[in-house]
Amino acid sequence: MAYAPRLSAPALLGAAVALPAVAGQTPAERIELLEAKVRVLTERVTALEADRGDTAASEPGGIAWVLGDDLRGRPFRIAHKALDLDDGRVELLLQITEPVQATERWMLGGPAPIRLILRAADGSERHLYMTLLRGASFEPGRHLHLLAEMDPALAAATSQIVVEHAD
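Model, not experiment: these values are computed from the prediction. (Residues numbered from 1 in each chain as written. Predicted model: local features only at pLDDT ≥ 70, side-chain atom pairs only at ≥ 80, totals over all residues. Heavy atoms only, no water.)

Participant: Describe the overall build of the chain, listing the residues and the values that go with them.
Facilitator: The helix and strand inventory of the chain stands at three helices and eight strands. In the chain, the order of α-helices and β-strands from amino to carboxyl end is α-α-β-β-β-β-β-β-β-α-β. Counting over 167 residues, the chain shows a buried share of 34%. Within the chain, contacts between residues separated by at least 24 positions form 54% of all contacts whose residues are at least 6 apart in sequence. Split by element, the accessible area of the chain, about 10100 Å² in all, is 56% carbon and sulfur. (Helix = DSSP H or I, 4+ residues; strand = E, 2+ residues; numbered from the N terminus. Buried < 20%, exposed > 50% of the residue type's maximum accessible area, 1.4 Å probe, protein only. Contact = heavy atoms within 4.5 Å. Areas by Shrake-Rupley, 256 points an atom, 1.4 Å probe, with all protein chains shown as cover.)

Participant: Before we move on, could you go through the confidence of the model for the chain and cite the residues and values that matter?
Facilitator: Mean pLDDT over the chain works out to 78, with 74% of the residues at or above the 70 mark. The secondary-structure element of the chain with the lowest mean pLDDT is helix H1 (residues 9–18), recorded at 47, while strand S7 (residues 143–149) shows the highest, at 94. This stretch, residues 1–19, has a pLDDT under 50; its non-local contacts, to residues over four places away or in other chains, come to ten contacts. Segment residues 51–58: pLDDT under 50, and 18 contacts once partners within four positions in sequence are set aside and those in other chains are kept. (pLDDT = per-residue confidence, 0-100.)

Participant: Describe the nonpolar core, listing the residues and the values that go with them.
Facilitator: Core analysis: the biggest nonpolar cluster contains 28 residues, and Trp106 and Val163 have the highest contact counts within it. Elements with a contribution of two residues or more to this core: strand S2 (64–67), strand S3 (76–84), strand S4 (89–96), strand S5 (111–120), strand S6 (125–134), S7 and strand S8 (158–165). Look past the residues within four positions of Trp106 in its chain and what remains in contact with it is Phe76, Leu94, Val100, Ala112, Pro113, Ile114, Leu132, Phe138, Leu144, Leu146 and His165. (Core = buried A, V, L, I, M, F, W, Y, C linked by side-chain atoms within 4.5 Å.)

Right, dumping it as structure tokens:
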């Protein structure tokens, strides 16, 4: 694997400012785009500084994943997470690490008590509940496969996904 240097937020901003303007972009549009990028970077830095293990590294495409308390090992651990921008699908594979309470809230093919908060660079939010696709057992060591579907344009506008166990 090749070594990729990590740049600080000021260095990234400097690199973005140094890029040539896209054809047809007005200075006001370029400033608005840069301000949106600065907001996203500021949110990421804030999340990393406050990180107690609840922020996962950004994925390719710049998506930052933030995990709720019950999804960091007790009673669930996220074994796999993916956002498909082309189809607008979020998939999670949860590993059960200890006994799960209120298993009656988990119905195969129905809504699961896992909520996604999708945050865009402009600060807007959208809440989605996941659907349980597979997983009939709630014994420790087993897995639950979850899915949420959205408009691909919404997926493309997402810069941060908060995954939390909905009470």
